[in-house]
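What the coordinates show
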Amino acid sequence: MSVYLHVTLEIHAAQLGRFLDGMEKTAVPFLEREGWRLAGAFVQRSGRLGNVIDLWELDDFQHYDRALSAFAADPAFPDFKAMLEQAVISETVVFASPASYMPSAQPSAA
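Reading the values: the criteria
- Throughout this document, residue positions are counted from 1 along each chain, in the order its sequence is written.
- It should be noted that, the model being predicted, local features are given only for residues of pLDDT at least 70 and side-chain atom pairs only at 80 or more, the latter also being counted only at that level, while totals for whole chains, interfaces and linings use all residues.
- Side-chain metrics rest on all non-hydrogen atoms present in the structure, leaving aside hydrogens and water.
- Think of each axis as a best-fit line through the C-alpha atoms, taken over the contacting stretch in the case of a helix, with angles from 0 to 180 degrees between the N-to-C directions.
- By the criteria applied, helices consist of DSSP H or I runs no shorter than four residues and strands consist of E runs no shorter than two, each listed in order from the N terminus.
- Note on terminology: angles under 35 degrees are roughly parallel, angles over 145 are roughly antiparallel, angles of 65 to 115 are roughly perpendicular, and the others are oblique.
- In this scheme the crossing of two helices becomes right-handed for a clockwise turn of the near helix relative to the far one and left-handed for an anticlockwise turn of less than a right angle.
- Only heavy atoms enter the contact rule, under which two residues are in contact if any of them lie within 4.5 Å.
- Gly is put with the polar residues, along with every residue not named as nonpolar or charged; the nonpolar set is Ala, Val, Leu, Ile, Met, Phe, Trp, Tyr, Cys and Pro, and the charged set is Asp, Glu, Lys and Arg.
- Between 30 and 60 degrees the pair is tilted, below 30 it is stacked and above 60 it is edge-to-face, where a pair is any two Phe, Tyr or Trp rings, Trp via its six-membered ring, whose centres lie within 6.5 Å.
- Categorising residues by exposure relies on relative accessible area from a 1.4 Å probe, with only protein chains included: less than 20% of the type maximum marks a residue as buried, more than 50% marks it as exposed, and the intermediate range marks it as partly exposed.
- Site definitions follow a grid-based scheme: protein atoms alone, a 1 Å grid, a 1.4 Å probe that fits but cannot get out for cavities, and for pockets an open set with protein on both sides within 12 Å along at least five of seven lines, plus lining residues having an atom within 4 Å of a point.
- Grid points are joined across faces, edges and corners, and a volume is the space filled by probe spheres set on the points.
- Salt bridge, as used here: a side-chain nitrogen of Lys or Arg that lies within 4 Å of a carboxyl oxygen of Asp or Glu.

Attention now moves to the packing of helix H1 (residues 16–33) against helix H3 (residues 77–87). Orientation of H1 relative to H3, taken along the N-to-C sense of each, is 155°, at an axis distance of 10 Å. The angle between H1 and H3 falls in the class roughly antiparallel. Where H1 crosses over H3, the two elements pack in a sense that is left-handed. Judged by residue contacts, Arg18, Phe19, Gly22, Met23, Thr26 and Ala27 of H1 engage Phe80, Met83, Leu84, Gln86 and Ala87 from H3. By residue class, the composition of the contact of H1 with H3 is seven nonpolar, three polar and one charged.

Next comes the structure, spelled out in structure tokens:
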């Protein structure tokens with residue numbers, strides 16, 4: 001059964017473009033090769049402006065550690081990590097399961 005990963009990142013306003021570029025060119029392609037599925041990626045336009053929210057679908061809880069360990073060993077990771085250290089103010093990581101009213105959580109009527 002899938003588990004969802006909800007990540008909220010508070011980004012320095014001046015670094016938002018750099019962060020989005022790093023996610024698009026480095027993190028997302030790598031994590032998708034590791035089997036993570038990006039279910040949604042959003043930039044807040046109200047509330048705390050510039051917050052980024054990512055929603056990933058993973059196979060299980062261990063999928064998180066496996067993919068991040070592989071990413072940390074990738075040659076592109078040090079530059080990506082340096083960008084994160086400059087761009088990210090805070091990060092909140094939450095694991096969630098689908099609610100009963102989520103369409104994909106419903107058993108199919110076959």
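To continue, consider the packing of aromatic side chains. Each pair of aromatic rings is reported with the distance of its centres and the angle of its planes. Considering all chains together, one arrives at seven aromatic pairs under this definition. Ring centres of Phe61 and Phe95 lie 5.3 Å apart, and the angle between their planes is 70°; on these two criteria the pair is classed as edge-to-face. With Phe61 in helix H2 (residues 61–72) and Phe95 in strand S4 (residues 88–96), this pair connects stretches of sequence that are 34 residues apart. Accessibility expressed as a relative area gives 48% for Phe61, which makes it partly exposed. The exposure class assigned to Phe95 is partly exposed, which follows from its relative accessible area of 33%.

Right, let's talk about the packing of H1 against H2 for a bit. For the pair H1 and H2, interaxial distance at closest approach is 10 Å and the crossing angle is 130°. The orientation of H1 relative to H2 falls into the category oblique. Between H1 and H2 lies a crossing of right-handed hand. Seen from H1, the contacting residues are Thr26, Ala27, Phe30 and Leu31; seen from H2, they are Ala67, Leu68, Ala70 and Phe71.

Space inside the largest pocket adds up to approximately 400 Å³. Lining the largest pocket are 20 residues, with Leu31, Leu68, Phe80, Leu84 and Glu91 positioned closest to its centre. Elements supplying a minimum of two residues to the lining of the largest pocket: strand S1 (3–11), H1, strand S3 (52–58), H2, H3 and S4. Across the lining of the largest pocket, the residue classes tally to 18 nonpolar, no polar and two charged.

A separate point is the pattern of salt bridges. Counting across every chain of the model gives six salt bridges. Between Arg66 and Asp60 there is a salt bridge, with its nearest N and O atoms 3.7 Å apart. Using a relative accessible area of 27% as the deciding quantity, one classes Asp60 as partly exposed. Where Glu85 meets Lys81, a salt bridge forms, and the shortest distance between an N and an O atom there is 2.5 Å.

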